[in-house]
Amino acid sequence: MSKGACLYPGSFDPVTNGHLDIIRRAAAVFDRVVVGVLVNADKRPSFTMEERVGMIRTVCRDLPNVEAVPFSGLTAELCRKLDIRVLVRGVRGAADLDAELRMARVNALLLPGLETVYFGAKGELEAVSSSLVRELAALGGDLTPFVPGEILEQVRAGFRKE
Ligand code: PNS
């Protein structure tokens, strides 16, 4: 088992500057960061699995210890399969914490020894979320502060064709 590996799971619909900050900081702490992109999200995602994974790969091009993989089913199962014992999650504030702590407890019950570590969002990224990006994109708002530059056009285009 590699103690230096972590899994950062989420929907990433689409990946935001907030996610990218967490990925960068995790990549500085862990030897290997696997970004797990959930296939069977409850809601119909705005971007396909290929698009969501592709966007993460694009924005993480300069991070050699980061990889993006699609997954379905339980996050704890993916950890078991990859032999990973640390989950990474970002928290933007107190409002995120209850649900995050509950998720961590469930995951630790499903896979004993699975730890969840939290990275607090940096001040200016506290308000950034995929749902905010989707809303702004649909309404034609400026996405520049919220989405990495390399995928800006792809995110805009994704909403223009709807
Ligand atoms: O960042 P998100 O989109 O809120 O991510 C939520 C995610 C994907 C981490 C969570 O829904 C998840 O782990 N889903 C997989 C199903 C699972 O393992 N459920 C039990 C843990 S609560």
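That block above? That's the structure.
Per-chain numbering applies: the sequence of each chain, read as written, is numbered from 1 onward. Under the rules for a predicted model, residues below a pLDDT of 70 receive no local features and side-chain atom pairs below 80 are neither given nor counted, while totals for whole chains, interfaces and linings still include all residues. Only hydrogens and water are removed before side-chain values are computed, so all heavy atoms of the structure are retained for them.

Being near a molecule or strand, for a residue, comes down to having at least one heavy atom within 4 Å of it. All residues in the neighbourhood of the ligand are listed as Pro9, Gly10, Ser11, Leu38, Gly73, Leu74, Thr75, Arg89, Met103 and Asn107. Side-chain atoms alone can form a polar contact between residues adjacent in sequence; in general such a contact is a pair of N or O atoms within 3.5 Å, and within protein one must be able to donate a hydrogen while the other accepts it. Residue serine 11 places a side-chain N or O atom 2.7 Å away from an oxygen atom belonging to the ligand. Between the ligand and threonine 75 there is a distance of 2.6 Å, counted from an oxygen atom to a side-chain nitrogen or oxygen. Buried and open spaces are told apart on a 1 Å grid over the protein atoms alone, a cavity being a set of points where a 1.4 Å probe fits but cannot get out and a pocket being an open set with protein on both sides within 12 Å along at least five of seven lines. Residues with an atom within 4 Å of a point are the lining residues. To be counted as sitting in a cavity or pocket, a molecule needs more than half of its atoms within 2 Å of that site's grid points. Judged by the fraction of its atoms near the pocket grid, the ligand is located in the largest pocket. If you list the elements that add at least two residues to the shell around the ligand, you get strand E1 (5-10) and helix H4 (94-110). Residue polarity follows a fixed list, in which Ala, Val, Leu, Ile, Met, Phe, Trp, Tyr, Cys and Pro are nonpolar, Asp, Glu, Lys and Arg are charged, and the others, Gly among them, are polar. In terms of residue class, the shell around the ligand is built from four nonpolar, five polar and one charged. Helix and strand labels come from DSSP, where a helix needs a run of H or I of at least four residues and a strand needs a run of E of at least two; each type is numbered from the N terminus.

Grid points are joined across faces, edges and corners, and a volume is the space filled by probe spheres set on the points. If you add up the space inside the largest pocket, you get close to 1100 Å³. Lining of the largest pocket is provided by 43 residues; of these, Pro9, Gly10, Ser11, Arg89 and Met103 occupy positions nearest its centre. Going through the elements one at a time, E1, helix H1 (17-29), helix H3 (75-82), strand E4 (86-91), H4 and helix H5 (130-138) are the ones with two or more residues in the lining of the largest pocket. Here the lining of the largest pocket gets seven residues from one element, more than from any other, and that element is H4.

For aspartate 96, the position within the fold is in helix H4. A polar contact is formed between the side chain of aspartate 96 and the backbone nitrogen of arginine 92, at a distance of 2.8 Å. Residue contacts follow a heavy-atom distance rule, with two residues in contact if any of their heavy atoms lie within 4.5 Å. Setting aside its immediate chain neighbours within four residues, aspartate 96 contacts Gly90 and Val91.

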